[in-house]
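Observations on the model geometry
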Amino acid sequence: MAVDKAFEEVLEFVWSLREAGSNSIKALLEIDEVKEAEADSSTLEAMQRDGLLTLDNDSITLTNKGEKLAEAAIRRHRLAERLLTEVLAMDTDSVEKNACSFEHTLSPEVTDRICALLGHPPTCPHGLPVPRGECCKKSKDAVKPIVEPLTELGVGDSGRIIFILSGSHARLDKLSALGIVPGSVLHVHQKRPAFVLQLGETSLAFDADIVKEIYVKKMS
Amino acid sequence: MHKHEDAPIKHASSNLVLVGNPNVGKSVIFGALTGRYATVSNYPGTTVEVARGAFTARGRSFGVIDSPGVNSLVPMSEDERVTRDILLGHEADAVLQVMDAKNLRRGLLVTIQLVEMGLPVTLALNMYDEAGERGITIDDDVLSRLTGLRVIPTIATQRWNMDKLDHAFFNDTPVSSEMRYPQAIEDGIKALETIAPRARITARALAIMLLSGDTTLDGFLKRSLSEDGIRKIEATRREVQARFTEPLGYIINRARLKVVDAMIGKVVTRSEAGHGRIASFIGRYSTHPVWGIPILLAVLFIMYEFVGVLGAGKSVDFLQRMVFEAYLNPWVTRVVEYAFPSGVIRDLIVGEYGLVTMALTYAIAIILPVVGFFFIFFGFLEDSGYLPRLAVMVDRVFKSMGLNGKAVLPMVLGLGCDTMATMTTRILETKKERVIVTLLLALGVPCSAQLGVILGMLAAISWKATVIWAGAVLFIMFIVGYASSKIVPGAASDFMLEIPPIRLPQFRNIVLKTVVRVQWYLKEAVPLFILGTLFLFVLDKTHALGAVEYVASPFVVGFLNLPIEATQAFIVGFLRRDYGAAGLFALQQKGMLDPIQVVVSLVTITLFIPCIANLFMIIKERGLKTAIIMTAFIFPFAALMGGILNLILRLLNPSL
């Protein structure tokens, strides 16, 4: 179902405005991004005609149909933010810019895949809730994300490294010299007082700071 | 600890360098080849500087160089750098790479780099037995075919196949490196090959190191290139880096690991093997957040019993009272008195500050048994593989001192000898960490000789006195560590440490290590003991001792509340604090110190700089300025802490 990009943008802001505790049309139209999407009161009226929302004086309410679309758009947006921040390690400014254009091209299927890749994150990088998708509701899947920080594994678990997110060159160099690179399998021996990991026949001790930057896929 | 024995072998026709990951047995092989003893232990970082020896095969003599372990030839710490520099220089004619057969992956990562350097490499697959025990089978022939190198399985600790290592000495043909990297990196290598200065190693290897952003090469570049050349290198590096999001060193290592993994797939077969050995059980529990603590306490208790009670108590008692005081000293006195009935010479040898009655009695009767017992215990601890596990337990505490768990290795080694431990700070990655650990070693870590005397004195009082002494010293060290982490500029490094398997120490190695260390101790300490005694003797004869005691009296008697005779102990404590401790020991034996005085004087002397040799090592490793600052801080601070402890103890007046 193709929805006008401006409509989608408006729906998202109605949603986030509501999270902030407001349903004012005036406040909505004041938002910069809404202005940028060239949405004005006529857009809102067009959306009302399409049955996405209802307008009453200054207050705005989503219809069931609008609610669903808004939820999906918010979900895409916030997952995109997480993907760009955590996996692609982009800085805050470019995350916002890219997340906005990225979200409109994501199919539901890709969205669910990203959600699983990120381990069904409950919140976006700003701490706002990511609406749950079908994928998160499948009970088994919800507690077993595909990729998670190694710190999330239990003692005795093994994980295959998918990526290492570190801003420190020295750290990456050192890890790779020890053979810790994507594809390697690490076994968690202990988590406290420091991490003890097994790689092949080598036991290595690490700080939790380093271990939380190593993202793995748990092996059964 | 015996570098003075290792005179460079100048006339050897060629040199073989032993290279490999940390803790794979290079020093054992070095010992087997050359007959020289290089310290062997079961933790990474035992060797921090090169050792040299000679080897003769088929009528030709060769030099053998033992090097600190490396995980990469782009060094991350100073000990790794020592190894890289040997390979970079013109000394290395051939390399014997020692590998842990059960950890081929990390070994081959280094092999690729050695081959890239254009060095003739031979591989020793050491600990072949341990690999077998763990169900790892290695096809040596296939490995040899894939790498193009001669592969020799070895078990160095049992001297197995050592005779086959001859090949490495006569190997003078490097194989060509087939390792290729992503195109952008290859382009960068080509560009840098033309700029890089000529060295023993190939231009390609040097280019790859430069691309990895190896800053430790800066000095080498500055010596051999124009500023323009250096700028070009940096520009090329940036250009190539701009094409990747991940650091180049990381991408290069990943490419290598891919090749290594493909190789291992063809060479290594694994079968399920029993892992339920007692050793791995102990290994697991010794780092456990709960069980690790009782294990640590048990280790400390055994040390107290073995070194303090048995070594410093019973053996010292025997040697001093029986051998020296009952027989040797009266006998020497008789002989000397016969030859020199009276006068200065008599006093010099057997007087109150006599070379035999004081210097030798202290060195041989008090300190030697203590040092011997300590080194036996310590050797056992080192070879068992417990020490790196201790690092895991203390990582958090060390974090608040701007360090990480790895710093516990030099600190514990300091219990053996602070001078050597100061050199071992090279295994730490940042300058800040090295400075803080050097300071803490000089300030609070008692060396074996002193520790033994201290434990002996404290054991004669009660365990409570021991706890107060240890608690006070640890607390002061922690506070100083915490404060210096705020003051010393720089950053801490990540805690990444290899944990070797728990192994049953070999009796032979412990004996050998203890003998070497005791010999070294005698060489190092006895001359200083004699010097200190001569100094006291001169002070006494010129009646300056009384004057010094008079001047020091407000401080020693007033502030520290000690008998005036303790001044002598403090004076010689400037030379060696174990000598000072031995002086206090003698005072205690004469009944001149009450329990609180023992604790106060011991805490004060513990905080002194260990010895003159240590001071020289600080100057060598950290520079004169740092050494002066540390000295200026340590002595007044030691005195202040002693005084404060005295006040606290007098106020609380615990029953000891």
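Just so it is clear, the structure is predicted and the values come from calculations on it, not from any experiment. (Residues numbered from 1 in each chain as written. Chains lettered and ligands numbered in written order. Predicted model: local features only at pLDDT ≥ 70, side-chain atom pairs only at ≥ 80, totals over all residues. Heavy atoms only, no water.)

The next thing to look at is the domain arrangement of chain A. Residue and element names in this part refer to chain A. The domains assigned to chain A are domain 1 (5–62), domain 2 (68–143) and domain 3 (148–219). Its C-alpha centre places domain 1 at a distance of 22 Å from the equivalent point of domain 2. Regarding the contact of domain 1 and domain 2, the summed buried area is about 950 Å², with carbon and sulfur atoms giving 64% of it. In this structure, the connection of domain 1 to domain 2 is made through two salt bridges. Of the charged contacts in the structure, one is a salt bridge between Glu-8 and Arg-76, with a shortest N-O distance of 2.8 Å. Summed over the shared surface of domain 1 and domain 2, the result is four residue pairs in polar contact (both at pLDDT 80 or more). Considering every element that reaches the side of domain 1 that touches domain 2, the biggest residue donor is helix H1 (residues 5–19), with eight residues. The residue inventory of the side of domain 1 that touches domain 2, partitioned by class, reads four nonpolar, one polar and five charged. (Domains from an automatic or database assignment. Buried area = accessible area lost by both parts, 1.4 Å probe. Salt bridge = Lys/Arg side-chain N within 4 Å of Asp/Glu carboxyl O. Polar contact = N/O pair within 3.5 Å; in protein donor to acceptor, adjacent residues only side chain to side chain. Helix = DSSP H or I, 4+ residues; strand = E, 2+ residues; numbered from the N terminus. Nonpolar A, V, L, I, M, F, W, Y, C, P; charged D, E, K, R; others polar.)

Turning our eyes to something else, we now look at helix H21 (residues 463–487) of chain B. The end-to-end C-alpha separation of H21(B) is 36 Å, in line with the 36 Å expected for 25 residues at 1.5 Å each. Regarding H21(B), the residues found buried are Ala465(B), Thr466(B), Trp469(B), Ala472(B), Val473(B), Ile476(B), Met477(B), Val480(B), Gly481(B), Ser484(B) and Ser485(B). (Expected span 1.5 Å × (residues − 1). Buried < 20%, exposed > 50% of the residue type's maximum accessible area, 1.4 Å probe, protein only.)

Every contact between the two is made by 36 residues of chain B and, on the other side, 29 residues of chain A. Taking both sides of the interface into account, the surface hidden between chain B and chain A amounts to around 3,000 Å²; carbon and sulfur atoms contribute 56%. Here chain B is connected to chain A by five salt bridges. When the shortest N-O distance is used, the salt bridge between Asp494(B) and Arg171(A) registers 2.6 Å. Counting every contact that joins chain B to chain A gives 14 residue pairs in polar contact (both at pLDDT 80 or more). At the level of elements, helix H3 (104–116), helix H11 (248–267), helix H16 (387–399) and strand E9 (496–499) of chain B are the ones that each hand at least two residues to the side of chain B that touches chain A. (Contact = heavy atoms within 4.5 Å.)

This part takes up the packing of helix H19 (residues 431–444) of chain B against helix H28 (residues 624–652) of chain B. Residues and elements named next belong to chain B. Two elements in contact, H19 and H28, have axes separated by 11 Å at closest approach and are oriented at 35 degrees. Crossing of H19 over H28 shows right-handed handedness. Contacts between H19 and H28 pair Val-435, Thr-438, Leu-439, Ala-442 and Leu-443 from the former with Met-630, Phe-633, Ile-634 and Phe-637 from the latter. Among the residues making up the contact of H19 with H28, the classes are represented as eight nonpolar, one polar and no charged. (Axes fitted to C-alpha atoms, helices over the stretch in contact; angles between N-to-C directions. Left-handed = near helix turned anticlockwise from the far one by under 90°.)

Model confidence for chain A is summarised by a mean pLDDT of 82, while 94% of its residues fall at 70 or above. When the elements of chain A are averaged for pLDDT, helix H9 (residues 139–143) of chain A gives the smallest value, 48, and strand E6 (residues 195–199) of chain A the largest, 89. (pLDDT = per-residue confidence, 0-100.)

Before going further, it helps to spend a moment on the environment of Ile293(B). All names here are of chain B. Considering the arrangement of structural elements, one finds Ile-293 in helix H13 (residues 292–339). Using a relative accessible area of 44% as the deciding quantity, one classes Ile-293 as partly exposed. Sequence-distant contacts of Ile-293, defined by excluding residues within four places in its chain, comprise His-288 and Met-393.

This part is about the sheet that holds strand E5 (residues 185–190) of chain A. Hydrogen bonds between backbone atoms are what pair the strands of a sheet, whose relative direction is either parallel or antiparallel. Strand order in the open sheet formed by seven strands is E3(A)-E8(A)-E4(A)-E5(A)-E6(A)-E7(A)-E9(B), with antiparallel pairing between adjacent strands. The open sheet is flanked by strand E3 (148–149) of chain A together with E9 of chain B, the only strands paired with a single partner. The sheet contact formed by E3(A) and strand E8 (residues 214–219) of chain A spans two bridges and is antiparallel. Its bridge partner lying in E8(A), Pro149(A) is registered against Tyr215(A). Lying over the sheet, H16(B) contacts E5, E6 and strand E7 (202–206) of chain A together with E9 of chain B, oriented at roughly 140 degrees with respect to E9(B). (Pairing = 2+ DSSP bridges.)

Moving on, we get to the domain arrangement of chain B. Under the domain assignment, chain B is made up of domain 1 (3–170), domain 2 (183–244) and domain 3 (292–652). Between the C-alpha centres of domain 2 of chain B and domain 3 of chain B there is a distance of 48 Å.

The next subject is the sheet that holds strand E2 (residues 51–57) of chain B. Residues and elements named next belong to chain B. Spatial ordering of the open sheet is given by E2-E3-E1-E4-E5-E7, a layout of six strands whose pairing is mixed. Two strands in the sheet have a free side with no partner beyond their single neighbour: E2 and strand E7 (150–153). Put simply, the sheet's adjacent strands are angled 25 degrees from each other on average, direction ignored. The pairing of strand E4 (residues 94–100) with strand E5 (residues 121–126) spans six bridges and is classified as parallel. When the sheet's bridge partners are listed, Gln-97 is paired in E5 with Leu-123. Strands in contact with helix H2 (residues 78–88) are strand E1 (14–20), strand E3 (60–66) and E4; relative to E1, the strand with the most contacts, it is inclined by about 145 degrees. Along the sheet, helix H5 (residues 140–147) contacts E5 and E7; its crossing angle with E7, the most-contacted strand, is approximately 150 degrees.

Next up on the list: the pattern of salt bridges. Residue and element names in this part refer to chain B. As enumerated under the stated definition, the model contains 42 salt bridges over all chains in all. For the salt bridge of Arg-622 with Glu-621, the shortest nitrogen-to-oxygen distance reads 3.9 Å. Comparing Arg-622 with Glu-621, the two get one shared label, buried. Through salt bridges with shared partners, one network takes in Arg-81, Arg-84, Asp-85 and Asp-214.

Our focus in this paragraph is H3(B). One turn of the α-helix equals 3.6 residues, which is why residues spaced by three or four share an orientation. Residue and element names in this part refer to chain B. In a regular helix each residue adds 1.5 Å, so 13 residues correspond to 18 Å; H3 covers 18 Å between its end C-alpha atoms and thus fits that length. Counting buried positions along H3 gives 13 out of 13 residues, so the element sits mostly inside the fold. Among the residues trailing H3, Gly-118 stands out with phi positive, at a value near 80 degrees.

Turning next to the pairing of E5(B). All names here are of chain B. In terms of burial, E5 is largely enclosed, as six of its six residues are buried. Both faces of E5 are covered, namely the face carrying Val-121, Leu-123 and Leu-125 and the face carrying Thr-122, Ala-124 and Asn-126. Following the chain from E4 across H3 to the adjacent parallel E5, one finds a crossover that is right-handed. The pairing of E5 with E7 spans four bridges and is classified as parallel. (Right-handed = clockwise from strand over helix to strand, strands pointing away.)

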